[in-house]
Amino acid sequence: MKTSLFDIAASCLMASEIEEKLLLTQQATRAWRNKLLLPDSQDPIRQINQPGLPAKLVLVKPKDVPRRGLGTKTGLIALIHAIAHIEFNAINLAWDAVYRFRFLPEGFYDDWVTVAFEEAYHFQLLRERLKEFDHDYGDLPAHNGLWDMALLTASDPLLRMALVPRVFEARGLDVTPSIIKRLRQIGDEKTIEILEIILRDEIGHVSIGSRWYNFFCDQRQIDPEKTFCELVDQYLTGRINGPFHYEARKQAGFTLNELNMLERMAMPINQITVISSESFEC
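Residues numbered from 1 in each chain as written. Predicted model: local features only at pLDDT ≥ 70, side-chain atom pairs only at ≥ 80, totals over all residues. Heavy atoms only, no water.

### Some remarks on the overall build of the protein
Piece 1. Helix and strand counts for the protein stand at 11 helices and 2 strands.
Piece 2. Reading the protein from its N end, one meets helices and strands in the order β-α-α-β-α-α-α-α-α-α-α-α-α.
Piece 3. Its C-alpha atoms give the protein principal-axis dimensions of about 55 × 40 × 30 Å.
Piece 4. Every one of the 282 residues in the protein was classed for burial, and the buried ones make up 55%.
Piece 5. A separation of at least 24 residues holds for 83% of the contacts in the protein among residues at least 6 apart in sequence.
Piece 6. As displayed, the protein has an accessible area near 12,500 Å², and 53% of this comes from carbon and sulfur atoms. (Helix = DSSP H or I, 4+ residues; strand = E, 2+ residues; numbered from the N terminus. Buried < 20%, exposed > 50% of the residue type's maximum accessible area, 1.4 Å probe, protein only. Contact = heavy atoms within 4.5 Å. Areas by Shrake-Rupley, 256 points an atom, 1.4 Å probe, with all protein chains shown as cover.)

### Focus on helix α6 (residues 157-169)
One turn of the α-helix equals 3.6 residues, which is why residues spaced by three or four share an orientation.
Piece 1. If you check α6, its first and last C-alpha atoms are just 16 Å apart, much less than what 13 residues at 1.5 Å a residue would give, namely 18 Å.
Piece 2. When you tally the buried positions in α6, you get 13 out of 13 residues, the bulk of the element.
Piece 3. Its side-chain oxygen at 2.9 Å from the backbone nitrogen of leucine 158, aspartate 156 defines the N-terminal cap of α6. (Expected span 1.5 Å × (residues − 1). Polar contact = N/O pair within 3.5 Å; in protein donor to acceptor, adjacent residues only side chain to side chain.)

### Comments concerning the nonpolar core
Piece 1. Residues Trp95, Phe108, Trp112, Leu163, Phe228 and Val232 are the most contacted members of the largest nonpolar core, which totals 92 residues.
Piece 2. The element that contributes the greatest number of residues to this core is helix α3 (residues 73-100), accounting for 16 residues.
Piece 3. Those residues in contact with phenylalanine 108, other than ones at most four positions away along the chain, are Ala97, Phe101, Met161, Trp212 and Phe216. (Core = buried A, V, L, I, M, F, W, Y, C linked by side-chain atoms within 4.5 Å.)

### Quick look at the packing of α6 against helix α9 (residues 224-236)
Piece 1. The N-to-C vectors of α6 and α9 enclose an angle of 80°; their axes lie 11 Å apart at closest approach. As the angle between them shows, α6 and α9 are arranged roughly perpendicular. Where α6 abuts α9, its residues Leu158, Leu159, Ala162, Leu163, Arg166, Val167 and Phe168 lie against Thr227, Phe228, Leu231, Val232, Tyr235 and Leu236.
Piece 2. Considered class by class, the residues forming the contact of α6 with α9 number 11 nonpolar, 1 polar and 1 charged. (Axes fitted to C-alpha atoms, helices over the stretch in contact; angles between N-to-C directions. Parallel < 35°, antiparallel > 145°, perpendicular 65-115°, else oblique. Nonpolar A, V, L, I, M, F, W, Y, C, P; charged D, E, K, R; others polar.)

### What about the packing of aromatic side chains?
Piece 1. Under the defined criterion, the tally for this structure stands at 13 aromatic pairs.
Piece 2. Their ring planes at 70° and their centres at 5.0 Å tell us that tryptophan 212 and phenylalanine 215 sit as a pair that is edge-to-face. In this pair, tryptophan 212 and phenylalanine 215 both sit in helix α8 (residues 189-220), 3 residues apart, roughly one turn of the helix.
Piece 3. Ring centres 5.3 Å apart and planes at 75° place the aromatic pair phenylalanine 215 and phenylalanine 216 in the edge-to-face group.
Piece 4. Taking relative accessible area as the criterion, phenylalanine 215 reaches 29% and is therefore assigned partly exposed.
Piece 5. Taken together through their ring pairs, the aromatic side chains of Phe6, Phe108, Tyr109, Trp112, Trp212, Phe215 and Phe216 make up a single cluster.
Piece 6. The side chain of arginine 33 reaches across the aromatic face of phenylalanine 117, ending 5.2 Å from its centre.
Piece 7. When the ring centre of phenylalanine 228 is taken as origin, the NZ or CZ atom of arginine 166, which lies over that ring, is 4.7 Å away. (Phe/Tyr/Trp six-rings, centres within 6.5 Å; stacked < 30°, edge-to-face > 60°. Lys NZ or Arg CZ within 6 Å of the ring centre and 35° of its normal.)

### A few points about the environment of phenylalanine 216
Piece 1. Here phenylalanine 216 shows up in helix α8.
Piece 2. The sequence separation of phenylalanine 216 and leucine 163 amounts to 53 residues, and the corresponding C-alpha distance is 13 Å.
Piece 3. Those residues in contact with phenylalanine 216 that sit more than four places away from it in its chain are Leu104, Phe108, Pro157, Leu158 and Met161.

### With respect to the pattern of salt bridges
Side-chain pairs of opposite charge can arise whenever the charged atoms involved come near each other.
Piece 1. This model, assessed by the stated rule, comprises 19 salt bridges.
Piece 2. When the shortest N-O distance is used, the salt bridge between aspartate 136 and arginine 127 registers 2.8 Å. Both residues of the pair, aspartate 136 and arginine 127, belong to the buried class.
Piece 3. In this structure, the salt-bridge partner of aspartate 201 is arginine 200, at a minimum N-O distance of 3.0 Å.
Piece 4. Accessibility expressed as a relative area gives 53% for arginine 200, which makes it exposed.
Piece 5. A single network of salt bridges, built from pairs that share partners, joins Arg129, Glu132, Asp188 and Lys190. (Salt bridge = Lys/Arg side-chain N within 4 Å of Asp/Glu carboxyl O.)

### Some points on the side chain of arginine 102
Piece 1. Residue placement: arginine 102 occurs in the loop between α3 and α4 (106-132).
Piece 2. For the buried residue arginine 102, which engages in no salt bridge, the nearest side chain bearing the opposite charge is aspartate 7, 5.9 Å off.
Piece 3. Here tyrosine 99 takes part through its backbone oxygen, which lies 2.6 Å from a polar atom of the side chain of arginine 102. (Lys, Arg positive; Asp, Glu negative; His and termini not counted.)

Structure below.
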């Protein structure tokens, strides 16, 4: 008898121990790819106010996340921890998309299971790098901005695809090249290698968000560019930062009209001299 994909996704989502979440993600991905899971469940969809996170991780308000210069070892550790936090959140976000949104084409679940698997791989790379500095994920405070957006978009897959992959996750496409450039100046090739893997894969993840966003717009017979502009204006006015990496965003499914709209809404900030997890998210 086959197991429910949605039930397995919920288990992955709620696992709080790091090793457990990573192992469950690997097992669930393998089972899905081997056709051992069905996109079906008898249980109602639950509202999940907080997914599984390590017990020692302290969540604070975005303004209370310490900001540190990248030119020090402490700043480098803070950077790696901030990105690791985003990747751990991204595992949860991918499994939540699988768990929450039902009666969709099988390709939707294929895509987001793959995203969960790749985000777990990114997280593992960053965690190993942290350990080389005698730190681990959870040693520094972080904020819950990404999951707050997951809660805000939990009722509608179109809204989720528009605002999470295409705004919050897409921000990584903009800032990562500048961070890589700064790391090259201080000679940290190990972290650069990890960020280059993440940047490559994240273009694909944002592209998946774009593809399903356009799918839902087409399904509802609404204009995707106009709708994206309206949603960003409604939910994120004053929270869009530039500059934007046009080439990466175009590869990830953004149109020139969408990029021009984001430019008009942008509030440029310095992404290099000050590092915090908030810098990566919008």
